Amino acid sequence: MAWSGEPQAAKPGEARRFGTTLTRTEDGWVVDGTKAFATSATGADWAVLLVSLAGPGGARHAAAPESVLLLGCDLRHPSVTVDTSWWDPVGMRATASHVVRFDRTPVPAAWQLGQPGDYVRQSWQAAFIPHYAASFLGAAEGAYDYAIQYVEKQDKGGDPYVQQRVGSMAVDLDTARLWLRHVARLWDTGRIDEARIAGSRARHVVEHLALSTVDHCIRACGARSLVRPSPVERILRDLTFYVRHDNDDHLLATIGRAALGREHDASFFKP
Ligand SMILES: Cc1cc2nc3c(=O)[nH]c(=O)nc-3n(C[C@H](O)[C@H](O)[C@H](O)COP(=O)(O)OP(=O)(O)OC[C@H]3O[C@@H](n4cnc5c(N)ncnc54)[C@H](O)[C@@H]3O)c2cc1C
């Protein structure tokens, strides 16, 4: 588990502020404050905390990414508590990304991973980005499989509009798989710089392919595909939420900056 999320801008009606501060001690660090989006809290015993020497803001929201530090944290320490009331999202309900409070949690120096700024400087997040595309593709494949089953059951395979929807879905899935293979090949053959930006390109393209596949599925099948226990009802909610993990507008602008040879943030797509 890697926990960074410390959104700094409050949403309407949100009284609490998220964020951690870090204090150096003789034998390590003390972490104080809260993080949101702490995936697997209550289930995991350990997490890697992305915290900033510059104060609240984790990594994605940090004003100074070079100040981001990775600390291993034993979540069984009594100073670590989980607020399970915050996580009530539209989708991804089968997982949990709770708010976690660190009440002056001690972290020994031996549990520090690398040096401040290493994570961003060495572009580790860029190695992680293709997994979003793989997850989006999984959602799209689920919608496609169900659409085929649905259309065949209702004997609508002869309808030319349905045929076009199915054709579009099939091409979307092929395209997504080819993108992922392309990214994997770049990593496997050591073309690291190309692999990093290709991972973001794949994440961008596959977000749109997956959303379009789910839309085609719903249009081909109809309203009952969105009535439980249809899996499409869940896939639509999960995908709608998971693609928000990064902002695609910023992601695409980052791809543009890279193509123009400009400085760009390949980790968190900051403008
Ligand atoms: C299902 C799910 C699981 C997650 N799991 C984890 C996890 O395990 N670990 C973890 O660390 N995080 C996790 N996250 C959190 C994720 O990394 C982001 O921090 C979170 O999605 C940001 O939430 P937000 O869009 O509400 O916040 P904000 O960061 O406040 O962004 C709101 C919107 O404003 C945009 N924005 C932000 N700053 C600016 C700016 N300066 N100018 C213009 N636009 C801006 C953003 O791009 C976004 O579109 C998870 C998120 C989701 C949805």
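Definitions and limits used
Residues numbered from 1 in each chain as written. Predicted model: local features only at pLDDT ≥ 70, side-chain atom pairs only at ≥ 80, totals over all residues. Heavy atoms only, no water. Helix = DSSP H or I, 4+ residues; strand = E, 2+ residues; numbered from the N terminus. Buried < 20%, exposed > 50% of the residue type's maximum accessible area, 1.4 Å probe, protein only. Domains from an automatic or database assignment. Contact = heavy atoms within 4.5 Å. Buried area = accessible area lost by both parts, 1.4 Å probe. Salt bridge = Lys/Arg side-chain N within 4 Å of Asp/Glu carboxyl O.

- An unreviewed UniProt entry lists the protein under the name Acyl-CoA dehydrogenase, from Phytohabitans houttuyneae.

Focus on the environment of L211
Item 1. Tracing the backbone through its elements, the reader meets L211 in helix α5 (residues 192-221).
Item 2. For L211, a relative accessible area of 31% puts it in the partly exposed group.
Item 3. Along the backbone, L211 and F136 are 75 residues apart, and their C-alpha atoms lie at a distance of 8.3 Å.

Side note on the domain arrangement of the protein
Item 1. Splitting the protein by domain gives domain 1 (2-120) and domain 2 (123-259).
Item 2. Taken together, the contacts link 11 residues of domain 1 with 11 residues of domain 2.
Item 3. Of the roughly 940 Å² buried between domain 1 and domain 2 on both sides combined, carbon and sulfur atoms contribute 54%.
Item 4. Looking only at domain 1, the three residues that lose the most surface to domain 2 are R60, M92 and Y119, adding up to 57% of its buried area.
Item 5. Between the two partners, domain 1 and domain 2, sit one salt bridge.
Item 6. Among the salt bridges present, the one from D246 reaches R60, with a minimum N-O distance of 2.6 Å.

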